[in-house]
Amino acid sequence: MLRPHRGVRRHLAVLLVTASIGALVFLLALGTGEIRLSPLEVLRILAGDSGDTAGALGGTAVLSWRMPRALLALAFGAALGLSGAIFQSITRNPLGSPDIIGFDTGAYTGALITIMVTGAGGYLQIAAGALCGGLVTAGLVYTLAFRRGMRGHRLIIVGIGVTAMLASVNTWLIYRADLDVAARAALWGAGSLESLGWKHALPALAVLAVLLALAAVLSGPLRVLRLGDDIAVVLGLRVEPVRLALVAVGVGLTATVTAAAGPIAFVALAAPQIARRLLPTSGTALALSAVVGATLLAGADWLAQRAFAPTQLPAGIMTISLGGLYLLHRLTTKRL
């Protein structure tokens, strides 16, 4: 009987431990608040038995009020972690994440134009505008970076330049807007899961499920692409079509998150790096990056809700604060 390779066992063990931490945070998010429930009570509710201690109100709190937000925190974190892993693999650079390259900023621009220029204020209109903004920005960055074959460092440099220009556009749009409209746009731009319910969760989860399946299909070609373009061509891989497909999937993941919750920074940057530190010999592990991203965003959103209760912060504020400290640590220790 064949036994799993030692590296495979370690990979599975790290994946299981990280997923367990994420599941624990998920249970804490479902059980904490004005109606406090223990993890055991939450598990009973999820199993369909509210019990005498939780009651009907506890079941409503878990299943109707808290579940959509907690599920989206896991799903969005996984999407951002996976997107960051894809771009860091393509660019072969730890700074190659969608928030650094500018796709989040482009999505924010699309949402601002939708809110302020067209006057649309509904969730679907803003989400569509953000999605279009992210995709258009990705197309612009990729086109400008593509010159006799796209190189990772060129994609990052072009993305940083486009980000700076779009940030100026965003500032000008907010400056020109009415006070109420600017306040609403700024709140969305902070990146928050607070107002998301089942009507927002189901479409977003459906789109992310399709994108995750596409990422799984492309994971094999991505491993070949990591060997270098010349070796990939020798092995029969069509490099540019595969790279373009990976860019499209990565942009779709981060744009879907931004369209639903606003720009949430640093998760896509930090999750793949943490995954590489946990498994330094495995390159950029897509599955582990997704699980780490889910755990990071679920934890950040839980802290945003409870650290300063009854005041709740947007999850994006918490990820920027924690992510900035993480990035500063990596830069100062020269381990980026």
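Residues numbered from 1 in each chain as written. Predicted model: local features only at pLDDT ≥ 70, side-chain atom pairs only at ≥ 80, totals over all residues. Heavy atoms only, no water.

Visitor: So what about the overall build of the protein chain? Which residues, and what values?
Guide: Secondary structure assignment for the protein chain yields 14 helices and zero strands. Secondary structure elements of the protein chain, listed N to C terminal, follow the sequence α-α-α-α-α-α-α-α-α-α-α-α-α-α. Computed over its C-alpha atoms, the radius of gyration of the protein chain comes to 20 Å, within 12% of the 20 Å expected for a compact globule of 336 residues. Based on the C-alpha atoms only, the size of the protein chain along its principal axes is roughly 70 × 65 × 40 Å. Per-residue burial for the protein chain yields a buried fraction of 50% across its 336 residues. When contacts within the protein chain are restricted to residue pairs at least 6 apart in sequence, those whose partners lie at least 24 apart make up 73%. (Helix = DSSP H or I, 4+ residues; strand = E, 2+ residues; numbered from the N terminus. Rg over C-alpha atoms; globule rule 2.2 N^0.38 Å. Buried < 20%, exposed > 50% of the residue type's maximum accessible area, 1.4 Å probe, protein only. Contact = heavy atoms within 4.5 Å.)

Visitor: Just give me the short version of the side chain of Ser83, but keep the residues and values in it.
Guide: Here Ser83 lies in helix H3 (residues 51–91). Accessibility expressed as a relative area gives 0% for Ser83, which makes it buried. In contact with Ser83, other than residues within four places in its own chain, are Pro98, Gly250, Leu253 and Thr254.

Visitor: Please give an account of the confidence of the model for the protein chain that cites residues and values.
Guide: For the protein chain, mean pLDDT is 83; residues scoring 70 or higher make up 90% of the total. Per-residue pLDDT, averaged within each element of the protein chain, yields its smallest value for helix H8 (residues 179–189) (77) and its largest for helix H13 (residues 286–306) (92). (pLDDT = per-residue confidence, 0-100.)

Visitor: I'd love a proper account of the environment of Gly324, names of residues and values included.
Guide: Among the structural elements, Gly324 can be located in helix H14 (residues 315–332). Expressed as a C-alpha distance, the spacing of Gly324 and Ile113, which sit 211 residues apart in the sequence, is 28 Å. Residues in contact with Gly324, not counting those within four places in the same chain, are Phe266 and Thr319.

Visitor: Tell me about the side chain of Thr163, and please be specific about residues and values.
Guide: Locating Thr163 in the fold gives a position in helix H7 (residues 152–176). Apart from the residues lying within four places of it in its own chain, the contact partners of Thr163 are Ile100, Ile101, Gly102 and Thr105.

Visitor: Kindly report on the nonpolar core, identifying the contributing residues and their values.
Guide: If you look at the biggest cluster of nonpolar residues, it comprises 54 residues, and the most contacted ones within it are Phe76, Ile86, Leu246 and Leu253. Every element with two or more residues in this core is listed here: H3, helix H6 (123–145), H7, helix H9 (198–225), helix H11 (239–261), helix H12 (267–278) and H13. A total of twelve residues in this core trace back to one element, the largest contributor, which is H3. Aside from chain neighbours lying at most four places away, what touches Phe76 is Leu193, Leu196, Ala204, Leu208, Val257, Ala260, Ala261 and Leu297. Residues Tyr108, Ile126, Ala127 and Ala185 belong to the second largest nonpolar core, which totals twelve residues. (Core = buried A, V, L, I, M, F, W, Y, C linked by side-chain atoms within 4.5 Å.)

Visitor: How would you explain a nonpolar patch on the surface if you had to name every residue and give the values?
Guide: A surface patch of nonpolar side chains, about 340 Å² in accessible area, is lined by Leu40, Leu43, Leu46 and Leu63. Of the residues forming the nonpolar patch, the biggest block, three residues, is contributed by helix H2 (residues 39–46). Along the polypeptide, Leu63 turns up in helix H3. (Patch = residues over 30% accessible without salt bridge, like charges linked within 9 Å, V, L, I, M, F, W, Y side chains within 5 Å. Areas by Shrake-Rupley, 256 points an atom, 1.4 Å probe, with all protein chains shown as cover. Salt bridge = Lys/Arg side-chain N within 4 Å of Asp/Glu carboxyl O.)

Visitor: Residue-level account of the environment of Ala213, with values.
Guide: As for its placement among the helices and strands, Ala213 is situated in helix H9. Separated by 49 residues in the primary sequence, Ala213 and Ala164 place their C-alpha atoms 33 Å from one another.

Visitor: I'd like to hear about H11, residue by residue, with values.
Guide: Across its 23 residues, H11 extends 33 Å between first and last C-alpha, which sits within 8% of the 33 Å expected from 1.5 Å per residue. A large share of H11 lies buried, amounting to 18 of its 23 residues. Note on H11: the residue one or two positions beyond its end, Gly262, has a positive phi of about 90 degrees. (Expected span 1.5 Å × (residues − 1).)

Visitor: Report on H13, specifying residues and quantitative values.
Guide: Two residues of an α-helix separated by three or four positions point the same way, owing to the 3.6 residues in each turn. Between its terminal C-alpha atoms H13 stretches 30 Å, which fits the 30 Å expected from 21 residues at 1.5 Å a residue. With respect to burial, H13 is a largely interior element, 15 of its 21 residues being buried.

Visitor: Talk me through the packing of H6 against H11; I want residue IDs and the actual numbers.
Guide: Viewed as axis vectors pointing N to C, H6 and H11 meet at an angle of 150 degrees, and their least axial separation amounts to 9 Å. Between H6 and H11, the angle falls in the class roughly antiparallel. Once H6 is placed against H11, the crossing between them reads as right-handed. For the pair H6 and H11, the contacting residues are Tyr123, Ala127, Ala130, Leu131, Gly134, Leu135, Ala138 and Tyr142 in the first and Glu240, Arg243, Leu244, Val247, Val251, Ala255, Thr256, Thr258, Ala259 and Ala260 in the second. In terms of residue class, the contact of H6 with H11 is made up of 13 nonpolar, three polar and two charged. (Axes fitted to C-alpha atoms, helices over the stretch in contact; angles between N-to-C directions. Parallel < 35°, antiparallel > 145°, perpendicular 65-115°, else oblique. Left-handed = near helix turned anticlockwise from the far one by under 90°. Nonpolar A, V, L, I, M, F, W, Y, C, P; charged D, E, K, R; others polar.)

Visitor: Pulling in residues and values, what's your account of the pattern of salt bridges?
Guide: For the structure on display, the rule yields two salt bridges. Across the pair Glu240 and Arg243 runs a salt bridge whose closest N-O atoms are separated by 2.7 Å. Placement of both Glu240 and Arg243 in helix H11 is noted, with a separation of three residues, approximately one turn of the helix. Using a relative accessible area of 2% as the deciding quantity, one classes Arg243 as buried.

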